[in-house]
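Here is how the chains run, residue by residue.
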Amino acid sequence: IETLLADATLKGLKALVTSGPTFEPIDPVRYIANRSSGKQGHAIAAALARMGAETTLVSGPTRLPDPPGVTTRHIETAAEMLAACEAALPVDVGVFAAAVADWKVARPANQKIKKDDSGRTPALELAANPDILQSMSHAGARRPKLVIGFAAETENLIAFAKAKLEKKGCDWILANDVSPDRGTFGGDRNTIHLVTQANSEDWPDLSKLEVADRLGRRIAAHFGRVHA
Ligand code: CTP
Ligand code: CA
């Protein structure tokens, strides 16, 4: 529901957002992927655009429409997502919300893998994918001025998020609890903890649209655009 009005709070700033899963091919008809609806990333891209930022969304396959006012690049693999992100630089702020597959299939088959009558099953050899958040955090002069990642954890939420922030070299992490009793996967709500180098801030349970709006206002405050 588009209840939020457009404004010029982030006018003159460029934003890059990733969203959705990546698909890593096994063969021409099969892939491995992460669970991700793309709802949170798409909502963030829409919110930043609505606040006046020139926004590029790099998205894996989702069921969502392209957000209005956003330049959307559609990709499938993590390697393609990284290339599209690099092409979008320089930007002022990067929000990396995609559920990137940590591994790809080392050697995808060129033809559909067929069952045979021997009963043998194929074994998949995996290889590491690039870490887009980490790579963007270490992009030197082209690094976004503010780099924001997500951390979905099932335990030790704040401590794991802080460790992730340090390891990846990003500025903020939006940590959310995905333990089974909270179960926000694919849903419309998120309980976020904004973790920075210095501290962490607990947000109330919010809709993904409200999370996007609140993040947009925090970004604006960071760039001295409004009082938080
Ligand atoms: N991320 C990324 N590229 C990857 C893996 C993760 O850009 N290849 C980003 C995600 O978009 C997210 C953040 O890194 O913003 C954390 O992702 P997450 O899967 O929670 O962390 P990992 O470092 O992959 O660690 P693990 O899955 O082992 O918890
Ligand atoms: Ca991961």
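Within each chain, residue numbers correspond to sequence positions counted from 1 in written order. Here the convention is simple: chains get letters from A, ligands get numbers from 1, in the order in which they are written. Only residues with pLDDT of 70 or above have their local features reported here, since the model is predicted, and side-chain atom pairs are shown and tallied only from 80 upward, although totals for entire chains, interfaces and linings are computed over all residues. As a rule here, side-chain values cover all heavy atoms of the structure and leave hydrogens and water aside.

**Comments concerning helix α1 (residues 39-50)**
Keep this limit in mind: To qualify as a helix, a DSSP run of H or I must reach at least 4 residues; to qualify as a strand, a run of E must reach at least 2; elements of each kind are numbered from the N terminus. Any helix carries an expected span of 1.5 Å times its number of residues minus one. Only protein chains enter the accessibility calculation, which uses a 1.4 Å probe. A residue is then buried if its area is under 20% of the maximum for its type, exposed if over 50%, and partly exposed in between. The contact definition used throughout considers only heavy atoms, calling two residues in contact when any of these lie within 4.5 Å.
Between its first and last C-alpha atoms α1 spans 16 Å; for 12 residues at 1.5 Å apiece the expected length is 16 Å, and the two agree. When you tally the buried positions in α1, you get 11 out of 12 residues, the bulk of the element. Here α1 has its buried residues at Q40, G41, H42, A43, I44, A45, A46, A47, L48, A49 and R50. The secondary structure elements touched by the buried residues of α1 are β1 (14-19), β4 (54-59), β6 (93-96), β9 (146-153), β11 (189-196) and α5 (208-222). Residue G52 follows α1 closely and has a positive phi angle near 100 degrees.

**Comments concerning the pairing of strand β10 (residues 172-177)**
Threshold: Here, strands pair whenever DSSP counts at least two bridges between them.
Burial analysis of β10 places 6 of its 6 residues in the buried class, which makes it a mostly covered element. Side-chain alternation along β10 places W172, L174 and N176 on one buried face and I173, A175 and D177 on a second face that is also buried. Note: β10 against β11, 5 bridges, orientation antiparallel. Directly across from L174, in β11, lies its bridge partner L194.

**Focus on the nonpolar core**
Convention followed: In plain words, nonpolar cores are sets of buried Ala, Val, Leu, Ile, Met, Phe, Trp, Tyr and Cys residues tied together by side-chain atoms within 4.5 Å.
Ranked by internal contacts, the top residues of the largest apolar core, which has 31 residues, are L10, I44, L48, V95, I148, L215 and I219. Those elements giving two or more residues to this core turn out to be β1, α1, β6, β9, β10, β11, β12 (200-207) and α5. With 6 residues, the top contributor of residues to this core is α1. If you look at the next biggest cluster of nonpolar residues, it comprises 26 residues, including L16, V91, V147 and C170.

**Here we look at the side chain of K168**
You can see K168 is positioned in helix α4 (residues 157-168). Residues within four places of K168 in sequence aside, it is in contact with D131, L133, Q134, S137 and H138.

**Focus: the UniProt feature "binding site: CTP" (unreviewed entry) in the chain**
So the rule is basically this: UniProt positions are given in the numbering used here, feature names are shortened, and annotations may be inferred rather than shown by experiment.
Under the feature "binding site: CTP" (unreviewed entry), the UniProt entry names D102, K112, P130, D131, I132, L133, F150, K164 and K168. Taking the farthest pair of C-alpha atoms as the criterion, the annotated set spanning 67 residues is dispersed, since that pair is 37.6 Å apart. Within the fold, K112 resides in the loop between β7 (103-105) and β8 (126-128). You can call K112 partly exposed: its relative accessible area is 44%. Relative to the helices and strands, F150 resides in strand β9. Sequence-distant contacts of F150, defined by excluding residues within four places in its chain, comprise Q40, I44, V95, F96, A97, I173, L174 and I192.

**Here we look at the environment of G69**
In this structure, G69 sits in the loop between β4 and β5 (71-74). C-alpha of G69 to C-alpha of D102: the two residues are 33 residues apart in sequence and 30 Å apart in space.

**Details of the packing of aromatic side chains**
This is how the line gets drawn: Only Phe, Tyr and Trp rings take part, Trp by its six-membered ring, and two of them pair if their centres are within 6.5 Å. Stacked means planes under 30 degrees apart, edge-to-face means over 60, and tilted covers everything else. Note on geometry: a ring has a charge over it if NZ (lysine) or CZ (arginine) is within 6 Å of the ring centre and within 35 degrees of the ring normal.
Enumeration according to the criterion identifies 1 aromatic pair in this entry. On the basis of an interplanar angle of 10 degrees and a centroid distance of 3.8 Å, the ring pair of F23 and Y31 is categorised as stacked. The ring of W172 carries R218 above its face, with NZ or CZ at 5.9 Å from the centroid.

**Description of the state of the cysteines**
Convention followed: When two cysteine sulfur atoms lie within 2.5 Å, the pair is treated as a disulfide.
Counting across every chain of the model gives 0 disulfides. This cysteine, C85, is not joined by any disulfide, and C170 carries the nearest cysteine sulfur, 14 Å off.

**Some points on the site of ligand 1**
Condition: Nearness is judged by heavy atoms alone; a residue qualifies as near a molecule or strand once a single heavy atom is within 4 Å of it. As used in this structure description, the phrase polar contact means that two N or O atoms lie within 3.5 Å; if the pair is within protein, one of them must be able to donate a hydrogen and the other to accept it, and residues adjacent in sequence are counted only when both atoms belong to side chains. Note on areas: Shrake-Rupley with a 1.4 Å probe; residue coverage comes only from the protein chains shown.
Near ligand 1 lie 14 residues; those nearest to it are F96, A98, L133, K164 and K168. The separation between a nitrogen atom of ligand 1 and a polar main-chain atom of P130 is 2.8 Å. Interatomic distance of 2.8 Å between a backbone N/O atom of F150 and an oxygen atom of ligand 1. Burial of ligand 1 by the protein amounts to 76% of the accessible area it has alone, namely 570 Å². If you tally residues by element for the shell around ligand 1, the top one is β9, at 4 residues.

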